[in-house]
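Coordinates in review
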Amino acid sequence: MTNVIIYDIIQKKGYGLQKLVDAFDAYLQDDTQGIIINEYDETFLKATYWQKKIQKGYRFNLEKKDFDVIEEEIVNIVDFGIEIENKKLLIFGNKQMAQRIITMISVVSGNAYSITEFVINIESLIRKVCMKPDIVLVKMKLSDITIEKGVLVDCSVNLIAQDEPKELALKYANNIVVISFRLEDITSNITVYKSGKISIGRVSEDEKDELIENIIRIVG
């Protein structure tokens, strides 16, 4: 599973993505981190951020009967995309790497972008998802379901096995803490948590762009 963090992004008037690409080239001059621009025009950008660091570890030496300190070079890679028309920045990674990307965008552009985390209302999302015929509900997790007076339980529901999965999801919309669904023509599942976290299953590069567009369309 890959985490997807969504941010609202507003581009300063007169500062286009071409300027951002040029700024990346001018700013990143060391060998510890960098941006690889995969594709862009004035409306969208797809890129990869990489960060190199040395990680120390320990390995037991049988001859010395003690631990040797070893150093290993680690390269972390995170994809991200900017959609100017939808005013969205999507980062495929954890929050620590996301913050590095946001900081870098702000620094190289001279604060030409206003970036704030996008807040997902899962109840509204469920109602929107249930209105779309091309979305298949897969699974949901419920919290605080009353089974009798004073007794509340949490449970998981396999929506694929239900006769009317969308009706069931709407019935328990206030209790859903996790919902998984997929598009009819893409096999990868999209999982949304009440906390706002989004995860996607393994997806081919051919399907990734379409999946990203649909995530923006659904949650935006």
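In this report, the structure presented in the accompanying data block is examined. (Residues numbered from 1 in each chain as written. Predicted model: local features only at pLDDT ≥ 70, side-chain atom pairs only at ≥ 80, totals over all residues. Heavy atoms only, no water.)

Some points on the layout of surface pockets
What counts, and what does not: Definitions used for this entry: grid spacing 1 Å over protein atoms alone; cavity, a set of points where a 1.4 Å probe fits but cannot get out; pocket, an open set with protein on both sides within 12 Å along at least 5 of 7 lines; lining residue, one with an atom within 4 Å of a point. Grid points are joined across faces, edges and corners, and a volume is the space filled by probe spheres set on the points. Helix numbering and strand numbering both begin at the N terminus, where a helix is a DSSP run of H or I of at least 4 residues and a strand a DSSP run of E of at least 2. Each residue gets one label: Ala, Val, Leu, Ile, Met, Phe, Trp, Tyr, Cys and Pro are nonpolar, Asp, Glu, Lys and Arg are charged, and the others, such as Gly, are polar.
Its boundaries defined by the atoms lining it, the largest pocket holds a volume of some 300 Å³. Broken down by secondary-structure element, the contributors of at least two residues to the lining of the largest pocket are β2 (33-40), β3 (44-61), β4 (66-83), β5 (88-92) and α5 (205-219). Of the residues belonging to the lining of the largest pocket, the class tally is 8 nonpolar, 3 polar and 8 charged. Space inside the second largest pocket adds up to approximately 230 Å³. Lining the second largest pocket are 15 residues, and of these I5, K95, E117, G196 and K197 sit closest to its centre. Counting residues per element, the lining of the second largest pocket draws most heavily on strand β1 (residues 2-11), at 4 residues. Considering only residue class, the lining of the second largest pocket consists of 7 nonpolar, 5 polar and 3 charged.

Some remarks on a nonpolar patch on the surface
How we decide: Patches draw on residues past 30% relative accessible area with no salt bridge. Two like charges within 9 Å are joined, as are two nonpolar side chains (Val, Leu, Ile, Met, Phe, Trp, Tyr) within 5 Å. Areas reported as accessible are Shrake-Rupley estimates using a 1.4 Å probe. Residue values count occlusion only from the protein chains shown. Salt bridges are identified by distance alone: a Lys or Arg side-chain nitrogen within 4 Å of an Asp or Glu carboxyl oxygen.
A cluster of nonpolar side chains, contributed by Y58, F60, L62, F67 and V69, occupies part of the molecular surface with about 620 Å² of accessible area. The set of elements that each furnish at least two residues to the nonpolar patch consists of β3 and β4. Within the secondary structure, F60 is located in strand β3.

Notes on the nonpolar core
Counted only if it meets this: By convention a nonpolar core is built from buried Ala, Val, Leu, Ile, Met, Phe, Trp, Tyr and Cys residues, the set being connected through side-chain atoms within 4.5 Å. Each residue's exposure class comes from its accessible area (1.4 Å probe, protein chains only) as a fraction of the maximum for that residue type: buried when under 20%, exposed when over 50%, partly exposed otherwise. We call two residues in contact whenever any of their non-hydrogen atoms come within 4.5 Å of each other.
Ranked by size, the top nonpolar core spans 36 residues in total, and within it I179 and F181 carry the most contacts. Of all elements in the fold, only β1, β5, α3 (122-130), β7 (135-148), β9 (176-183), β10 (190-193), β11 (198-200) and α5 reach the threshold of two or more residues within this core. Setting aside residues up to four positions removed in sequence, F181 forms contacts with V129, I135, V136, L137, V138, S188, N189, I190, V192 and I218. Counting residues in hydrophobic clusters, the runner-up holds 28 residues, among them Y49, V78, L89 and A98.

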